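Residues per chain, in single letters:
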Amino acid sequence: MKNRWHLLSLNQKLGVVAFLLGAVAVFGTPQTGPVSRVDGRELARIVETGASRVSPGELAAWILEGRADYRLLDLRDEAAIAAYTIPTAEPVRVTELLHHDLARNEKIVLYGEDETQAAKAWFVMRSQGFRSVSILQGGLAGWKNEVLFPVSPGPDADEATRLAFDRRMRVSTFFGGRPRAAMEGGAPMVSLDVPDMAMPEVVAPTGGGGGTKAASRRKKAREGC
Amino acid sequence: MNAPFYKFGFFGDEVSLVIAFVIGLGFGICLEQAGFGSARKLAAQFYLTDMAVFKVMFTAIITAMLGVFYLSWMGVVDVSLVYLTPTYLVPQVVGGLLLGVGFVIGGYCPGTSVVAMATGKMDAIVFLLGVTAGIFGFGELYPLLKDFSVSTAMGQVTLPEFFHFSYGLVVFLVVLMALGGFAGATWVEQRFRKVES
């Protein structure tokens, strides 16, 4: 056998190797879709430290700054999105997440009505190698409570707290919301109207938002020849 | 699994262009070293006296196919993320015939004409001028050709999907086809060289 192998030319030897590889391939199964790998300890650490959350205030600041280094994904159904969606958000269903045009090194923020849906989507994306994915703290409910309809501090609040609320009030007004009065014993503590929590029109921030700017920057040449 | 590297975000569009340039340089060097900068050698493929083009290209196909298959089997490459050119059956058959006619008349295909031009061959420069004129002509005629160019669309179809065979079986059959083709090409070369001489 050894002698016969030595008698073969290089091309013939390569032919034999190719034949053997082809024959073994009959029993093989290539990976033709996403395979999930999960590092349980790393995920547990991330969950405990809250490193995977973005606060509504932080997101509002990004939108106001016109940042283009993040993708905000709205996971809710069409009817909910039509009623209201956070500026710069892109509608994506959870089942379409892995087929959406997302790069694994992009900063992605997920949100639903609350954290539940986004947390599940977060797990799916982490298992597929998306390292910079986060969820919006509190989901849309958190956005409403913290950005659109912030609660004013009571009359005993200190100067720093009042200044912080003034900033939040301006942000709330920008996004079309209205601050809420702090309630004690059923009566408003300060003379602010209690809004009806009706969702405002989406305000497009000046200078372009993260979603549209990033999407246009990401518009790349068609693949293939 | 972390390949294709581009799809997994290891580098962006700018670096991908640099990598494409480097790969293109390497491809050109290999073509030139294989003698594919010579119009005589390339055109001889069509006269069946030198089947080097068939053998080299089919060898490249087999090498890439086995490499991608085994890397995917080992869990390194996600085959579903590898780009597939969509199939438009009739337009691509017609385009292939046109390219073949141009190939045998001019002695080059577009890639080898660039290789030959890099080595200073005047006929390659003329060929490339013809390619450029053809591109502009196609561009001007595209409104008339657009419907035809997207007709008989079959989507991104693969042989395993089309024949309902397993990937591994298709790999084995293509290897068999290649080995048979190499043997047949050698026989054809010897026969037609004898006839020529």
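Residues numbered from 1 in each chain as written. Chains lettered and ligands numbered in written order. Predicted model: local features only at pLDDT ≥ 70, side-chain atom pairs only at ≥ 80, totals over all residues. Heavy atoms only, no water.

Points about the environment of F172(B)
Here is step 1 of the chain: Take F172(B): it is sitting in helix α8 (residues 167-196).
Here is step 2 of the chain: Looking at F172(B), the relative accessible area reads 17%, which means it is buried.
Here is step 3 of the chain: Between the alpha carbons of F172(B) and L66(B) there is a distance of 9.4 Å; along the sequence they are 106 residues apart.
Here is step 4 of the chain: Beyond its immediate stretch of four places on either side in the chain, F172(B) contacts F19(A), G22(A), A23(A) and V26(A). (Helix = DSSP H or I, 4+ residues; strand = E, 2+ residues; numbered from the N terminus. Buried < 20%, exposed > 50% of the residue type's maximum accessible area, 1.4 Å probe, protein only. Contact = heavy atoms within 4.5 Å.)

Some words on the confidence of the model for chain A
Any residue range with low pLDDT should be treated as having predicted coordinates unsuitable for detailed reading.
Residues and elements named next belong to chain A.
Here is step 1 of the chain: Mean pLDDT over chain A stands at 79; residues scoring 70 or higher make up 76%.
Here is step 2 of the chain: Mean pLDDT values over the elements of chain A span from 42, in strand β7 (residues 187-188), up to 94, in strand β2 (residues 70-74).
Here is step 3 of the chain: Residue range residues 185-196 is modelled with pLDDT below 50. Its contacts to residues more than four positions away, or to other chains, number 23 contacts.
Here is step 4 of the chain: Taken as a whole, residues 204-222 scores under 50 in pLDDT and shows 30 contacts with residues more than four places along the chain or in a different chain. (pLDDT = per-residue confidence, 0-100.)

Notes on the pattern of salt bridges
Here is step 1 of the chain: Counting across every chain of the model gives ten salt bridges over all chains.
Here is step 2 of the chain: Between D69(A) and R67(A) there is a salt bridge; the shortest N-O distance is 2.9 Å.
Here is step 3 of the chain: Look at D69(A) and you get partly exposed, because its relative accessible area is 38%.
Here is step 4 of the chain: Taking relative accessible area as the criterion, R67(A) reaches 25% and is therefore assigned partly exposed.
Here is step 5 of the chain: A salt bridge links E189(B) to R193(B), with the shortest nitrogen-to-oxygen separation between them at 3.8 Å. Remark: R193(B) and E189(B) occur in helix α8; sequence separation between them is four residues, near one turn of the helix.
Here is step 6 of the chain: E189(B) sits in the buried class, given a relative accessible area of 8%.
Here is step 7 of the chain: For R193(B), a relative accessible area of 42% puts it in the partly exposed group. (Salt bridge = Lys/Arg side-chain N within 4 Å of Asp/Glu carboxyl O.)

Some remarks on the confidence of the model for chain B
Here is step 1 of the chain: In this model, chain B carries an average pLDDT of 90, and 98% of its residues clear a pLDDT of 70 or more.
Here is step 2 of the chain: The least confident element of chain B is strand β2 (residues 153-155) of chain B, whose mean pLDDT is 88; the most confident is helix α6 (residues 122-149) of chain B, at 94.

Details of the packing of aromatic side chains
Here is step 1 of the chain: Following the criterion strictly, the structure yields 17 aromatic pairs over all chains and no others.
Here is step 2 of the chain: Judged by centre distance (5.7 Å) and plane angle (55°), the ring pair of F138(B) and Y142(B) falls under tilted. Here F138(B) pairs with Y142(B), and both are found in helix α6, just four residues apart, close to one helical turn.
Here is step 3 of the chain: When the ring of F163(B) is compared with that of F165(B), the centres are 5.9 Å apart and the planes differ by 25°; the resulting orientation is stacked.
Here is step 4 of the chain: With relative accessibility at 45%, the residue F163(B) sits in the partly exposed group.
Here is step 5 of the chain: In this structure F165(B) comes out as partly exposed when scored by relative accessible area, which is 38%.
Here is step 6 of the chain: Cluster of aromatic residues (ring-pair linked, three or more members): W143(A), F174(A) and F175(A).
Here is step 7 of the chain: It is K107(A) that lies over the ring of W62(A); its NZ or CZ is 4.6 Å from the centre. (Phe/Tyr/Trp six-rings, centres within 6.5 Å; stacked < 30°, edge-to-face > 60°. Lys NZ or Arg CZ within 6 Å of the ring centre and 35° of its normal.)

Observations regarding the packing of helix α7 (residues 139-148) of chain A against helix α8 (residues 159-174) of chain A
Residue and element names in this part refer to chain A.
Here is step 1 of the chain: One can describe the packing of α7 onto α8 by two numbers: an axis separation of 8 Å at closest approach and a directional angle of 120°. Considering the angle they form, α7 stands oblique to α8. Taken together, the residues of α8 that come into contact with α7 (itself represented by N145, E146, V147 and L148) are R168, V171 and S172.
Here is step 2 of the chain: Partitioning the contact of α7 with α8 into residue classes produces three nonpolar, two polar and two charged. (Axes fitted to C-alpha atoms, helices over the stretch in contact; angles between N-to-C directions. Parallel < 35°, antiparallel > 145°, perpendicular 65-115°, else oblique. Nonpolar A, V, L, I, M, F, W, Y, C, P; charged D, E, K, R; others polar.)

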